[in-house]
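Next come the chains, spelled out residue by residue.
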Amino acid sequence: IKGGSHEFPGKRIGAFLRELGLEHVDVVLKGDQEPALQDLLREVARIRAPAKMFFEQPAVGSSQSNGMIERGILTTEGQIRVMKDALETRLGGRIPGEHGVMAWLVEFAAVLVNRYEVGHDGKTAYERLWGKSSKLLGLEFGEKLKYKRNRSGNKLAKLDCMWEDGVFLGYRSCSGEVIVGTGAGVMKTRTFTRKPEEERWSNENLELVTGVPW
């Protein structure tokens, strides 16, 4: 998904800025001169109005001016590769790049880098921003778990079992809710429990991922 033709990338960047506490703050976004990227930045500016956005472009071929950004990209790419390899090892097979689970894996990899990569000052980006450590660890990406769904239907629905199987796909950074893949789509919940280790991994895990972030 590139450019501003699809609404998800612009909205996702806006959500990240809200997580940083910058929803109504004027910000500077830096990007190269690729038309698709510039189109995306203009879409983000439209979404964030009336807050102002200023664009900064490095000179063509001047990768040194993007050193910090390039380092962040390499770190996130490495995190994605490690998580993909770990999930394939757990499931005992290759995961196609076009499978929906990869979109969630990329999203969660970025969350982990933002919250747990320690800088030269001994703090994570999350600690610098909020003054406290993150508490999201505890589940492995792609593992099967039990989650408590919302009650639906009439009063007789109270007799139905509220716990169902799902696959852990990450967290909503703004609320801390767990994102769960199910055969009926993607859900969010605050109440879940891990399965015994011998029940967490099977080929069925990928079959329960039937939706993507957008």
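So, a few notes on the structure that sits alongside this text. (Residues numbered from 1 in each chain as written. Predicted model: local features only at pLDDT ≥ 70, side-chain atom pairs only at ≥ 80, totals over all residues. Heavy atoms only, no water.)

The final tally for this structure, using the stated rule, is five aromatic pairs. Seen in terms of ring centroids, F108 and F141 are 6.1 Å apart; in terms of plane orientation they differ by 25°. Their pairing is stacked. In this pair, F108 sits in helix 4 (residues 100-116) while F141 sits in the loop between helix 5 (125-130) and strand 3 (144-148), placing the two residues 33 residues apart along the sequence. An aromatic cluster of three or more residues is present, and its members are F108, F141, F168 and Y171. (Phe/Tyr/Trp six-rings, centres within 6.5 Å; stacked < 30°, edge-to-face > 60°. Helix = DSSP H or I, 4+ residues; strand = E, 2+ residues; numbered from the N terminus.)

Turning next to the sheet that holds strand 3. Reading across the sheet, the five strands line up as 6-5-4-3-7 and stay open at both edges, with antiparallel pairing between neighbours. The strands lining the two open edges of the sheet, one partner per strand, are strand 6 (185-189) and strand 7 (192-194). Strand-to-strand twist across the sheet, computed as the mean angle between neighbouring axes with direction ignored, equals 45°. In this structure, strand 5 (residues 178-182) lies alongside strand 6, joined through five bridges in antiparallel fashion. Among the inter-strand pairings, T182 is bridged to a residue of strand 6, identified as G185. (Pairing = 2+ DSSP bridges. Axes fitted to C-alpha atoms, helices over the stretch in contact; angles between N-to-C directions.)

Let's shift gears to the pattern of salt bridges. Per the stated rule, a full pass over the model turns up 16 salt bridges. Residue E143 pairs with R194 through a salt bridge whose shortest N-O separation is 2.8 Å. A residue pair is termed long-range when its members are at least 10 positions apart, and E143 in the loop between helix 5 and strand 3 and R194 in strand 7 qualify at 51 residues. Classification of R194 by relative accessible area gives partly exposed; the value is 37%. Taking the shortest distance from any N to any O, the salt bridge between R149 and E164 comes out at 2.9 Å. In this pair, R149 sits in the loop between strand 3 and strand 4 (163-171) while E164 sits in strand 4, placing the two residues 15 residues apart along the sequence. Here the salt bridges share partners, and the residues they tie into one network are K146, D165, K195 and E199. (Salt bridge = Lys/Arg side-chain N within 4 Å of Asp/Glu carboxyl O. Buried < 20%, exposed > 50% of the residue type's maximum accessible area, 1.4 Å probe, protein only.)

Between the first and last C-alpha of helix 4 there are 25 Å, a value that for 17 residues agrees with the 24 Å anticipated at 1.5 Å per step. Those residues of helix 4 not exposed but buried are G100, V101, M102, A103, W104, L105, F108, A109, V111, L112, V113 and R115. (Expected span 1.5 Å × (residues − 1).)

Time to look at the environment of G181. Note that G181 resides in strand 5. A relative accessible area of 0% places G181 in the buried class. Counting along the chain gives 25 residues from G181 to L206, while the straight-line C-alpha distance between them is 8.9 Å.

Count 3.6 residues to each turn of an α-helix, and residues three or four apart come out pointing the same way. Taking 1.5 Å per residue as the helical rise, helix 2 (residues 35-48) with its 14 residues ought to reach 20 Å, and the 20 Å between its terminal C-alpha atoms agrees with that figure. When helix 2 is considered as a whole, its buried residues turn out to be Q38, L40, L41, E43, V44 and R48. The inward-facing, buried residues of helix 2 contact helix 1 (7-19), strand 1 (27-30) and strand 2 (53-56). (Contact = heavy atoms within 4.5 Å.)

In this section: the layout of surface pockets. The calculated volume of the second largest pocket comes to roughly 480 Å³. The wall of the second largest pocket is formed by 17 residues, among which R12, A15, E107, R172 and I179 lie closest to the centre. For the lining of the second largest pocket, the secondary structure elements donating two or more residues are helix 1, helix 4 and strand 6. Here the lining of the second largest pocket gets six residues from one element, more than from any other, and that element is helix 1. Tallied by class, residues from the lining of the second largest pocket come to nine nonpolar, one polar and seven charged. (1 Å grid on protein atoms, 1.4 Å probe; cavity = no way out; pocket = protein on both sides within 12 Å on 5 of 7 lines; lining within 4 Å. Points joined across faces, edges and corners; volume = space filled by probe spheres on them. Nonpolar A, V, L, I, M, F, W, Y, C, P; charged D, E, K, R; others polar.)

This part covers the packing of helix 3 (residues 67-91) against helix 4. Following both chains from N to C, one finds helix 3 and helix 4 inclined at 125°, their axes separated by 9 Å at the closest point. Classified by the angle their axes make, helix 3 and helix 4 are oblique. Crossing of helix 3 over helix 4 shows right-handed handedness. In contact with T75, T76, Q79, I80, M83, K84 and L87 of helix 3, helix 4 contributes V101, M102, L105, V106, F108, A109, A110, L112 and V113. Taken together, the residues of the contact of helix 3 with helix 4 sort by class into twelve nonpolar, three polar and one charged. (Parallel < 35°, antiparallel > 145°, perpendicular 65-115°, else oblique. Left-handed = near helix turned anticlockwise from the far one by under 90°.)

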